[in-house]
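What the coordinates show
So you can see what is in the structure, the chains are spelled out below.
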Amino acid sequence: MSDITMDVVSPERVTQTAVELAGLMSSTSNLAEQHIATQKIAPLWQRYFTERVQTHRDGQLMYGVYYDYQSDMDGEFSVLVGTTTTEEQACDLTLIAGDYLKFSAQGEMPQCVINLWQQVWRYFTSDTCEYQRCYLTDYEVYLDSHRVEIYIGIN
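Only a predicted model underlies this, so the values are computations on that prediction, with no experimental measurement involved.

**Looking at empty space enclosed by the protein**
Scanning the entire structure with this criterion turns up one cavity of 30 Å³ or more. There is about 40 Å³ of room inside the largest cavity. Contributing to the lining of the largest cavity are Ala22, Gly23, Tyr48, Arg52, Thr55, His56, Thr83 and Gln89. Its residues assigned to classes, the lining of the largest cavity comprises two nonpolar, five polar and one charged.

Structure below.
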């Protein structure tokens, strides 16, 4: 069995428009996510795949959104797992328009996205980082079963 391969592209600064999403929501913290008994993100994705994924339309992308931050990456925050809204769906959350850093990777899920988040955290704690996170809205976009982009809101 081969190791998981992951191609990582350097972050790219982008300006995003607002996007309306519908999905399932929960609240958690990075501390809670470190313990299986208190994890909320993985069970939320499992519930989404069980209850909602069959309603996806062709071309609809899946999103994992982190918002309503209590403070920073150490505080509590809310999570939405879902897709862009359709005419039949009400909007549960609007992604905030603004400046983001886009990190991209491909590889086997979920390890690919876990590794990419580790790179994001290292990037923002490095002495050479020229950007500051704004902790309003960050999100993952799943382009297909092996490609993900993470968008981090910046000031």
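**Focus: the packing of aromatic side chains**
On inspection of all chains with the given rule, the structure shows 16 aromatic pairs. When the centroid spacing of 6.4 Å and the interplanar angle of 80 degrees are considered together, the rings of Tyr100 and Tyr151 count as edge-to-face. One end of the pair, Tyr100, is in strand S6 (residues 98-106); the other, Tyr151, is in strand S8 (residues 147-154), with 51 residues separating them in the sequence. A centroid spacing of 5.5 Å and a plane angle of 75 degrees characterise the contact between Phe103 and Tyr123, whose relative ring orientation is edge-to-face. Taken together, the residues Phe103 in strand S6 and Tyr123 in helix H2 (residues 111-125) connect sequence positions 20 residues apart. Classification of Phe103 by relative accessible area gives buried; the value is 0%. Taking the ring centre of Phe124 as reference, the NZ or CZ of Arg133 above it sits at 5.8 Å.

**Notes on unusual backbone geometry**
Along the chain, Met109 connects to Pro110 via a cis peptide bond; the corresponding omega equals 0 degrees. Tracing the backbone shows Pro110 in the loop between S6 and H2. One non-glycine residue, Tyr135, lies in positive phi territory at about 55 degrees. A relative accessible area of 18% means that Tyr135 is categorised as buried.

Definitions and limits used
- Residues numbered from 1 in each chain as written.
- Predicted model: local features only at pLDDT ≥ 70, side-chain atom pairs only at ≥ 80, totals over all residues.
- Heavy atoms only, no water.
- 1 Å grid on protein atoms, 1.4 Å probe; cavity = no way out; pocket = protein on both sides within 12 Å on 5 of 7 lines; lining within 4 Å.
- Points joined across faces, edges and corners; volume = space filled by probe spheres on them.
- Nonpolar A, V, L, I, M, F, W, Y, C, P; charged D, E, K, R; others polar.
- Phe/Tyr/Trp six-rings, centres within 6.5 Å; stacked < 30°, edge-to-face > 60°.
- Helix = DSSP H or I, 4+ residues; strand = E, 2+ residues; numbered from the N terminus.
- Buried < 20%, exposed > 50% of the residue type's maximum accessible area, 1.4 Å probe, protein only.
- Lys NZ or Arg CZ within 6 Å of the ring centre and 35° of its normal.

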